[in-house]
Amino acid sequence: MSLNIKEIRAQFPILNRDIVGKPMIYLDNTATSQAPLSVVREIERIYTHSRANVHRGVHTLSQEMTNLQENCREKVRNFINAGSIEEIIFTRGTTEAINLVANSFGSGFHKGDEVILTVMEHHANIVPWQLLRDRTGIILKIVDVTENGELDLNQYKALFTERTVMASFCHVSNVLGTINPVKEMTRFAHKRGVAVLIDGAQAAPHLKIDVRDLDCDFYVFSAHKMYGPSGVGVLYGKKELLEKMPPWQGGGEMISVVTFNHTTFADLPFKFEAGTPDYIGIAAFAKAIEFIEECDINKMESHEMELCREAEEELRKIPGLKIYGNSKDKGPVISFLLEGVHPYDLGMLLDKQGVEVRTGHHCAMPLMERLGIPGTVRASFAVYNTSDEVKEFVKAVKKAADILS
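What comes next concerns the included structure. Going along each chain's sequence as written, the residues are numbered from 1 onward. Local features are withheld for residues below a pLDDT of 70 in this predicted model, meaning they are given only at 70 or higher, and side-chain atom pairs are given and counted only at 80 or more; totals for whole chains, interfaces and linings count all residues. Side-chain measures were taken over the full set of non-hydrogen atoms in the model, leaving aside hydrogen atoms and water.

Describing the overall build of the protein chain
Thinking step 1. Within the protein chain, the regular secondary structure consists of 14 helices and 17 strands.
Thinking step 2. The size measure is the radius of gyration over C-alpha atoms, and the globule rule it meets is 2.2 Å times the number of residues to the 0.38 power. Its C-alpha radius of gyration of 22 Å places the protein chain within 12% of the 22 Å reference for a compact globule of 405 residues.
Thinking step 3. Expressed along its principal axes, the backbone C-alpha trace of the protein chain runs to roughly 70 × 55 × 40 Å.
Thinking step 4. Relative accessible area decides the class of each residue, using a 1.4 Å probe on protein chains only: under 20% of the type maximum gives buried, over 50% gives exposed, and in between gives partly exposed. Looking at the protein chain as a whole, 56% of its 405 residues are labelled buried.
Thinking step 5. Intrachain contacts of the protein chain at a sequence separation of at least 6 include 70% that bridge at least 24 residues.
Thinking step 6. For the area figures, the Shrake-Rupley method with a 1.4 Å probe applies, and any residue is considered shielded solely by the protein chains shown. For the protein chain, the accessible surface area stands at approximately 17600 Å², while carbon and sulfur atoms represent 51% of it. Secondary structure counts use DSSP, requiring at least four H or I residues in a row for a helix and at least two E residues in a row for a strand, with both numbered from the N terminus. The criterion used for residue contact is that any of the two residues' heavy atoms lie within 4.5 Å.

Details of the packing of aromatic side chains
Here the distance between the centres and the angle between the planes together describe a pair of aromatic rings.
Thinking step 1. Think of it this way: a Phe, Tyr or Trp ring, Trp meaning its six-membered ring, pairs with another when their centres are within 6.5 Å, and the plane angle makes it stacked under 30 degrees, edge-to-face over 60, tilted otherwise. Per the stated rule, a full pass over the model turns up 13 aromatic pairs.
Thinking step 2. Ring geometry for F105 and F218: centres 5.3 Å apart, planes at 65 degrees, overall edge-to-face. With F105 in the loop between α4 (94-104) and β5 (114-118) and F218 in strand β9 (residues 218-222), this residue pair connects regions lying 113 residues apart in the sequence. Pair check on accessibility: F105 and F218 agree, each one buried.
Thinking step 3. Aromatic rings pair up to connect F12, Y227, F291 and Y384 into one cluster.
Thinking step 4. The cationic tip of R192 hangs over the ring face of F188; the distance from NZ or CZ to the ring centre is 3.5 Å. The criterion is that NZ of a Lys, or CZ of an Arg, lies within 6 Å of the ring centre and within 35 degrees of the ring normal, and then a charge sits over that ring.

Notes on empty space enclosed by the protein
Thinking step 1. As defined here, a cavity is a set of points on a 1 Å grid over the protein atoms alone where a 1.4 Å probe fits but cannot get out. A pocket is an open set with protein on both sides within 12 Å along at least five of seven lines, and residues line them when an atom is within 4 Å of a point. Grid points are joined across faces, edges and corners, and a volume is the space filled by probe spheres set on the points. Overall, the coordinates contain 1 cavity of 30 Å³ or more when judged by the stated rule.
Thinking step 2. Estimates place the volume of the largest cavity at around 40 Å³.
Thinking step 3. Around the largest cavity sit N29, T30, S33, Q202, P205, H206, K225, Y227 and A382, which together line it.
Thinking step 4. Gly counts as polar in this scheme, as do all residues outside two lists: the nonpolar Ala, Val, Leu, Ile, Met, Phe, Trp, Tyr, Cys and Pro, and the charged Asp, Glu, Lys and Arg. Partitioning the lining of the largest cavity into residue classes produces 3 nonpolar, 5 polar and 1 charged.

Topic: the side chain of N174
Thinking step 1. Within the element layout of this structure, N174 appears in the loop between β7 (164-170) and α7 (182-191).
Thinking step 2. On the accessibility criterion, N174 (6% relative accessible area) is buried.
Thinking step 3. Of note is the side chain of N174, whose polar atom sits 2.9 Å from the backbone oxygen of H362. N or O atoms within 3.5 Å of each other form a polar contact, as long as, within protein, one can give a hydrogen and the other can take it, and as long as residues adjacent in sequence are counted only when both atoms are side-chain atoms.

Quick look at helix α10 (residues 279-295)
Thinking step 1. Given a helix with a known number of residues, its expected span is that number minus one, times 1.5 Å. For α10, which comprises 17 residues, the first-to-last C-alpha distance of 25 Å matches the rise-based estimate of 24 Å (1.5 Å per residue) to within 8%.
Thinking step 2. Burial within α10 is extensive, with 13 of its 17 residues counted as buried.
Thinking step 3. Phi for D296, located one or two positions after α10, is positive at around 80 degrees.

A few points about the pattern of salt bridges
Thinking step 1. By salt bridge we mean one thing: a side-chain nitrogen of Lys or Arg within 4 Å of a carboxyl oxygen of Asp or Glu. With the rule as written, the count across this model stands at 27 salt bridges.
Thinking step 2. When the shortest N-O distance is used, the salt bridge between R133 and D134 registers 3.2 Å.
Thinking step 3. Exposure remark for R133: the relative accessible area of 32% places this residue in the partly exposed category.
Thinking step 4. Note on D134: relative accessible area 57%, which makes it exposed.

Observations concerning the side chain of N385
Thinking step 1. When you line up the elements, N385 lands in the loop between β17 (376-380) and α14 (387-404).
Thinking step 2. For N385, a relative accessible area of 1% translates into the label buried.
Thinking step 3. There is a polar contact of 3.2 Å between the side chain of N385 and the side chain of N29.

Points about the environment of L15
Thinking step 1. Assignment of secondary structure puts L15 in the loop between α1 (5-9) and β1 (18-19).
Thinking step 2. Judged by its relative accessible area of 7%, L15 falls in the buried class.
Thinking step 3. The spatial distance from the C-alpha of L15 to the C-alpha of N385 is 9.4 Å, given a sequence separation of 370 residues.
Thinking step 4. Those residues within four positions of L15 in sequence are excluded, and the remaining contacts are R9, M24, Y26 and Y384.

As for the sheet that holds β9
Thinking step 1. Read from one edge of the open sheet, 7 strands run β4-β10-β9-β8-β7-β5-β6, paired in mixed fashion. Each edge of the sheet is formed by a strand with only one pairing partner; in this case those strands are β4 (88-91) and β6 (139-143). Between one strand axis and the next, the sheet turns through 20 degrees on average, direction left out of account.
Thinking step 2. We call two strands paired when DSSP finds no fewer than two bridges between them. As defined by bridge partners, β5 adjoins β6 across 5 bridges and the pair is classed as parallel. Residue pairing in the sheet places T118 in a bridge with V143 of β6.
Thinking step 3. Contacting β4, β7, β8 (195-199), β9 and β10 (233-237), α4 runs over the sheet at an angle of about 155 degrees to β9.
Thinking step 4. A fitted line through C-alpha atoms represents every axis, and for helices the fit uses only the stretch in contact; the resulting angles, taken between N-to-C directions, go from 0 to 180 degrees. Packed onto the sheet, helix α5 (residues 127-136) meets β5, β6 and β7 and runs at close to 150 degrees relative to β6.

Looking at the environment of F393
Thinking step 1. The residue F393 is located in helix α14 in this model.
Thinking step 2. Measuring from C-alpha to C-alpha, the distance between F393 and E150 comes to 26 Å, with 243 residues separating the pair along the chain.
Thinking step 3. Discounting residues that sit within four places of it in the chain, F393 has contacts with I25, L27, A311, L315, F336, V355, V357 and A379.

Some remarks on the pairing of β10
Thinking step 1. Most of β10 sits inside the fold, with 5 of its 5 residues counted as buried.
Thinking step 2. Residues G233, L235 and G237 of β10 are buried on one face, and the alternating residues V234 and Y236, pointing to the opposite face, are buried as well.
Thinking step 3. Here 4 bridges tie β4 to β10, and the two strands are oriented antiparallel to one another. What sits directly across from F90, in β10, is V234.
Thinking step 4. As defined by bridge partners, β9 adjoins β10 across 5 bridges and the pair is classed as antiparallel. Note that in β10 the partner of S222 across the bridge is G233.

Structure, rendered in structure tokens:
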């Protein structure tokens, strides 16, 4: 059975907004997707019914809230097919999850050790490794992209040496939409004894994720890009690695016993969850996962990619328009420019027509430098977008092009 998009859209009242007197078309889903009513109502319900700090509380509200948070941990475990809930660490987002790995797992790296990244990484998967480099003297090695926006896998393989200790790369590019062959890349790294982190921020909302099939050591993603609340992220890590890694933050919750002479840390996953978590956001994230499961992520992917292909086909007919990222295997993202037009100017004109897109470097400045451009206009699709919206989007781009020509 196909998706009932009308019923799905009814769960997102924000989609009924007008922008400057025109029906809003929201195409900034790569940055943040909208949240269904089930998520919003769960947040309201908890604030008005069950709000209390989690764990260690003997009273009813604390126990209720603890159960809600840990229910979400189990839902996340099942969603990505992790082996146990001990492998699911809640963070504030993908960025914090990568920083956790760089600071904790990376604490075992030494001067001259090598970490392999790619030129298509988000800043969140670049800067933490640069900070580690500045502290320890590790070496960063960067994989280039081909002209169609795919990773140069021959170069990737050639970069490995006996000093390589880590490979960290995105599953899906937030600019190009390229879906990288992460399973193959992980297998190659593991044959050389190299650990792998996969940034799944752009994959988790659109693709079926199976961390045990991928065999990655770490996988990270954010709730707010997959119909959930902001301020919640996930780090999956293999249990045997997490057990060996030192905590990267200290405080309440992550301890077993504290004296002024010594501290014993809590067991997984709590060893990495210092302080009071965003327990309400985490509990509401469970509702977002339920929404995705009810829709069926495979059907969602098919719908989103059909919209993307429809939009690309029509955009290519516009004189002077260039699309960046033409991999044969890509997600529902289109980055483009009009010849001689700054992306900000085009984005402003689209907004005046009710079309919400993202403009700029998309936290991928090294990729923009590689492409020789200041930034792009980026349209990205979610399950609630429609073919009619695609038509209106293309019409708005054409109108903007005429105005700016």
